[in-house]
Every structure is written in structure tokens, then in C-alpha cells.
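Coordinate inspection notes
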Amino acid sequence: MKKKLPENYYSITKNLLNYLPSRGLIILNFLVIIPLFTHILDKKEMSIYIVAIQILNLILTCSFDWVSKSVLRFYEKFRLKNCLEKFFSSVFWISIIVYLITVIVYFLLKNVLIKHFAISETVFLYTLFLVVPCGIRQFLYQILRLKNNYKLYTFSIAIYEIAFVVLFFSFINLIPGSESILLAMNIAITFIDLIIFRMISFDYKLSFCIDISIVREILKYALPLVVTNACYWGVFNFSKLIFQSEGLYSHTAIIGVSLSAAEYIVNPLVALFIFVTFPFIIQRFENKDGLKPYFTNIIQLFYMVLAPLIAVFCLFSREITLLVLPNSYEKVALALPFVAAACFIHEFLKFVNLKYHMKNRTYIETRIGFCVISFSIFLNLVLIKYFSILGAAIAMFVTELVLLMTNVSSLRKFDYISWKPFLKTFIKTTFLILCSFAVVSVILPFENKFVYLFKIVVYLILVYIAGYKLRGRFLKS
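Everything numeric here is computed off the predicted structure, so don't read it as measured data. Every chain's residues receive numbers from 1 upward, in the order its sequence appears when written. In keeping with the predicted nature of the model, local features appear solely for residues at pLDDT of at least 70, side-chain atom pairs appear and are counted solely at 80 or more, and the whole-chain, interface and lining totals rest on all residues. The side-chain figures draw on all heavy atoms in the structure; neither hydrogens nor water molecules are used.

Counting its regular elements, the chain contains 18 helices and 0 strands. When its C-alpha atoms are laid out on the principal axes, the chain stretches across 70 × 65 × 45 Å. Long-range pairs, those at least 24 residues apart, make up 84% of the contacts in the chain between residues at least 6 apart in sequence. Surface accessibility of the chain: about 21300 Å² in total, with carbon and sulfur atoms responsible for 68%. Taking the average place of the 46 positive charges on the side chains of the chain and the average place of its 24 negative ones, the gap between the two points comes to 10 Å. Segments assigned H or I by DSSP are reported as helices when at least four residues long, segments assigned E as strands when at least two residues long, and all are numbered from the N terminus. Contacts are residue-level and defined by heavy atoms, with any inter-residue pair within 4.5 Å sufficient. To be clear on the numbers: accessible area is Shrake-Rupley with a 1.4 Å probe, and residue cover counts the displayed protein chains and nothing else. In this tally, Lys and Arg are treated as positive and Asp and Glu as negative; His is ignored, and so are the chain termini. Charge positions are represented by NZ for Lys, CZ for Arg, CG for Asp and CD for Glu.

Next up, the structure:
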């Protein structure tokens, strides 16, 4: 008897497919751009670039990121109240004030960054300049999400990557490697922002008015996110700061490239589920529609579709490292399984933690994050001392497990996920992954780069064909 698919299966899948090409373009960063950097730059320059980008991510987390998330969270609410112009005007002026504060704080920390993390004055300035175009791009992408303009979103990523690579090769022979990357990023992102501005239809006039009640609601929701995301940033980056401050640039480069593999391949696909479903989730919540079946369907499909891909990094980490990276990065194979699994758990955690966003109780997530970061720092110091790069990766993975278990058990009154159907999907999908890997290992035991690539392709074909055939059984409620 044919199993009936969940009611949201086709609508979720359609939205995922619309944005899938854009995710494929982001994946090219690891398949093409990151290997390019590892072959051209020495490990010190690579480590400086990695640290600079992570500092940029922290600045964006503390400035524009939470503002852009507020747009996504409250757009539907203020649309229903017919006061979007006041809302966008308030958001605009919050952004200006936050950026000015960020610049002041960044300059206060300038000497610390230059002294302890091998960052030059030029790298410092290029990183600071990147904040504005990156912050504007985050805001514009949220507008594209609200308008479901996936074509312009995909087009902008494609143009950015082409412009970035062309500019990098134009600068690499003129200025140091890390500086050439950051300068190329500045110009390319600014160019893309201008293109989106010209092509997007923004129907609201900005004024000098700030609505205090709107600002109060945004700050209540978003300020805890700043602390929470800063804590999460520390989970993934504390080890790199330790290595960089001790002058172990090769260690920074290796753990950084491992994290880049996860961020550029795992995160785009995993985050795609939240990217396409979050606006609909908020609409259902604000209109008081039923969330439980929809949410359960999403996380079942989430695990069934993406767990086999994440398993590639865990089961074929050695093969991936030999295929993509120089021999000097062979230790990436040790760190990659733990880092990829940690990133996957972290993205899944975002689904679990949507309950805080909908109930506007993000401060609960902040408390948990603040406690867990202390545990993470301790774990990093201990494990890095004894296991170096591998210890840093294990600390990342263990911390994410603790975060997941803690957040799943909190705010139980907001029951929006049926865990029994999900656990069935989890068990069946994991069994299918292991069976597919076992089959490939038996039929392809040979050792060369062509076989490595063929093994991964055959594994993915097997697991996804079987998953598609069995989707009714794996996804049933």
C-alpha cells in the first residue's frame, strides 16, 4: 500500500528547489575558491584572512544581523497593522546608530587585534569597510526573501562570485594575499548591493521618524540575539583565536579550512530550509494557524534530505581532503567529520530555537548560550592542550550536542514538534546512510583520486534514490 506523504511535502519541496541553484553557487566557494586560496596563499596569509572574516562575522552579528532578522520576524505583524513605513524607518535609524557604536568599539579594540592576531592596519581597515556593504546586503536579502524573489537572489550571488574571483586575480600580484581577498570582497559586495537596489521595488518611504513602541519591541526581541550569537560565534572560533595568538598559523588555517568546508557546503543547504520556510512559519503564527504538523514535516524532510550529505564529510573526509586540498592540509581530514557534524547540529538547533523567536522570548536562548560558552572555552583549553587540532574539532562537536539537548528540554509549554515521527525518520535515514556506505566500500575498495570521487558520487546516488523510493515510509506522521 502506497504511503501518503505529509501535506506540506510538495509546498516545502517547491520552495527548496526554487532556492537550490543559489545554494549551489555558494557551495562553489569551497569547491573552487577556498582550494584556490589554499594553493596560492601561504598558511600565515590564509590564517589572517580566516581570522579577519570571522571578526567581520562577529561585527555583523553584533550590528546588522539582528536588525535584518527583526525585519523578517516583524514584517508580517506590522503589515497586518498597516504601519510598515514606520517600521522600516525605525529599522533604518537603528541600523545607523548601531553601526556608529560598532565603529567606535572596533577602533577601541584595534591594538589588541593587531598585536595578538597578526592583523595589519590595512587588513583592519578593509574588514571595517566590509561591514557596511555586508550589512546592507543582509537587509536586501531579507527583503528578497519576503518577496520570494529567488531569481534575483540567485543572480546576485552568481555575479558576486564572478566579480570576486576576477578582482582577486587582478590584485594578488600587487598587494599581499589576505589584503587582496578583502579588497576584492569590498568592491564585489558593494557592486552587488547597487545592482539589487536598482532591480528591487522598495515601496516604502523612509522618514526621520522613529516609533518608540516599534523600537522597544525590536530591541526586546533582538538584543538577546546579539549575546546569543556572539556566544555561538565563540563556540566555532575560540580555537582559532588560541592558535593565532600563539603563532600557530598552520593550525588556524587547517581548522579554518575545515570550518569553511562545513560553512560553504553544509550550512547553505541546511540553512535553506529556514530560509524558505521562516516567512511562512511567522505568517502561520501571527494568523494563529496550526504549526505542529508543518514544523514536524519540515524537520523530517530536513533530516532525510540533508543527513546523507553531511555524512559525506564524516564518512569520506580523507577522500575529500585528498581531492580538493594541497597535501599540507591533510589534517583537515581529522577535523572535518566533527566540524561538519557540529555545523549540522547547529543549523538543526535553529529550528528548535524558533520557539523563542515566535514567543519573543529570545532571552531564554541567551541564558543557555551564555552558560554553554563558558563550558566551551574550558573544553577547548583542555582538549587543545592534549589533542591540538583534533581537540578543537571535538570541543566544537561536544558543545553543539550540549546546546541541542539543553534547548530541546527548555520551553516545553510551547509544543510545536511531534518528536516520535521525527525519531522514526532519524533511525530509518541513518540506517539507509550506513547501508549505502557499506555497499560502496565493498564494491569500490581501490585507492586513487578518480575512485575517491566515484565512491562519493555512487554513495549519493544510492542513498538518494533509495530515499526517494522510500519517502512515504520515512516521512509519514
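Having seen the model, we can carry on.
What follows is about the side chain of Glu161. Position of Glu161 relative to the elements: it lies in helix α7 (residues 150-171). Burial classes follow relative accessibility: with a 1.4 Å probe on protein chains only, a residue under 20% of its type's maximum area counts as buried, one over 50% as exposed, and anything between as partly exposed. Any Lys or Arg side-chain nitrogen found within 4 Å of a carboxyl oxygen on Asp or Glu counts as a salt bridge. Despite its burial, Glu161 pairs with no opposite charge, the nearest such side chain being Arg137 at 8.3 Å. Every residue in contact with Glu161, bar those within four places of it in the chain, is listed here: Leu25, Ile26, Leu28 and Asn29.

Here the structure, examined in full by the defined rule, presents 5 salt bridges. For Glu347, the salt bridge identified is with Lys350, shortest N-O distance 3.2 Å. Of this pair, Glu347 and Lys350 both sit in helix α13 (residues 332-352), 3 residues apart, roughly one helical turn. Judged by relative accessible area, Glu347 falls into the buried class, the value being 3%. Exposure remark for Lys350: the relative accessible area of 36% places this residue in the partly exposed category.

Moving on, we come to the nonpolar core. Core analysis: the biggest nonpolar cluster contains 159 residues, and Phe37, Met46, Phe87 and Met185 have the highest contact counts within it. With 15 residues, helix α11 (residues 292-315) is the largest single contributor of residues to this core. Not counting the four nearest positions on each side in its chain, Phe37 is found in contact with Met46, Tyr49, Phe164, Phe168 and Ile181. Within this scheme, the nonpolar core is defined by two criteria: the residues are buried Ala, Val, Leu, Ile, Met, Phe, Trp, Tyr or Cys, and they are joined through side-chain atoms within 4.5 Å.

Before going further, it helps to examine the layout of surface pockets. Regions of empty space are outlined by a rolling probe, equal in size to a water molecule, passed over the atoms. Think of a 1 Å grid over just the protein atoms. A cavity is a set of points where a 1.4 Å probe fits yet cannot get out, a pocket is an open set with protein on both sides within 12 Å along at least five of seven lines, and lining residues have an atom within 4 Å of a point. Grid points are joined across faces, edges and corners, and a volume is the space filled by probe spheres set on the points. What the second largest pocket holds in volume is close to 510 Å³. In terms of lining residues, the second largest pocket is bounded by 19 residues, among which Tyr303, Phe344, Ile345, Phe426 and Thr430 are the most central. Among the elements of the structure, α11, α13, α15 (362-408) and α16 (419-443) are those that each provide at least two residues to the lining of the second largest pocket. Residue contributions to the lining of the second largest pocket peak at 7 residues, all from α16. Considered class by class, the residues forming the lining of the second largest pocket number 18 nonpolar, 1 polar and no charged. Just so you know the grouping, Ala, Val, Leu, Ile, Met, Phe, Trp, Tyr, Cys and Pro go in nonpolar, Asp, Glu, Lys and Arg go in charged, and all remaining residues, Gly too, go in polar.

What follows concerns the packing of aromatic side chains. Given two aromatic rings, their pairing is described by the distance between the two centres and the angle made by the two planes. For Phe, Tyr and Trp, where Trp contributes only its six-membered ring, two rings pair if their centres lie within 6.5 Å, and the inter-plane angle classes them as stacked under 30 degrees, edge-to-face over 60, or tilted in between. Applying the stated criterion across every chain, the model contains 24 aromatic pairs. Note on Trp419 and Phe422: the rings are 5.8 Å apart at their centroids and 80° apart in plane angle, and the pair reads as edge-to-face. Taken together, the residues Trp419 and Phe422, both in helix α16 and 3 residues apart, mark about one turn of the helix. Look at Trp419 and you get partly exposed, because its relative accessible area is 32%. Residue Phe422 is classed as buried on the basis of its relative accessible area of 7%.

Time to look at the packing of helix α2 (residues 43-62) against helix α8 (residues 177-199). Their axes nearest at 8 Å, the elements α2 and α8 cross at an angle of 35°. Every residue of α8 that contacts α2 at Glu45, Ile48, Tyr49, Ala52 and Ile53 is listed here: Gly177, Ser178, Ile181, Leu182 and Met185. Among the residues forming the contact of α2 with α8, the class breakdown is 7 nonpolar, 2 polar and 1 charged. Between N-to-C directions, angles cover 0 to 180 degrees, with each direction set by a line fitted to C-alpha atoms, over the stretch in contact for helices.

A few words now on unusual backbone geometry. At Ala118, a position not held by glycine, the phi torsion is positive, near 60°. Position of Ala118 among the secondary structure elements: in the loop between α5 (110-116) and α6 (121-147). The class of Ala118 is partly exposed, set by a relative accessible area of 23%. Phi is positive for Ser388, which is not a glycine, with a value near 55°. Checked against the element boundaries, Ser388 lands in helix α15.

So, about a nonpolar patch on the surface. To count toward a patch, a residue needs a relative accessible area over 30% and no salt bridge; like charges are then connected within 9 Å, while nonpolar side chains (Val, Leu, Ile, Met, Phe, Trp, Tyr) are connected within 5 Å. Together, Ile97, Ile101, Ile104, Val105, Leu108, Leu109, Val112, Ile210 and Ile212 make up an exposed nonpolar region whose accessible area comes to about 840 Å². Per-element tally for the nonpolar patch: the top contributor is helix α4 (residues 84-108), with 5 residues. By secondary structure assignment, the location of Val112 is in helix α5.

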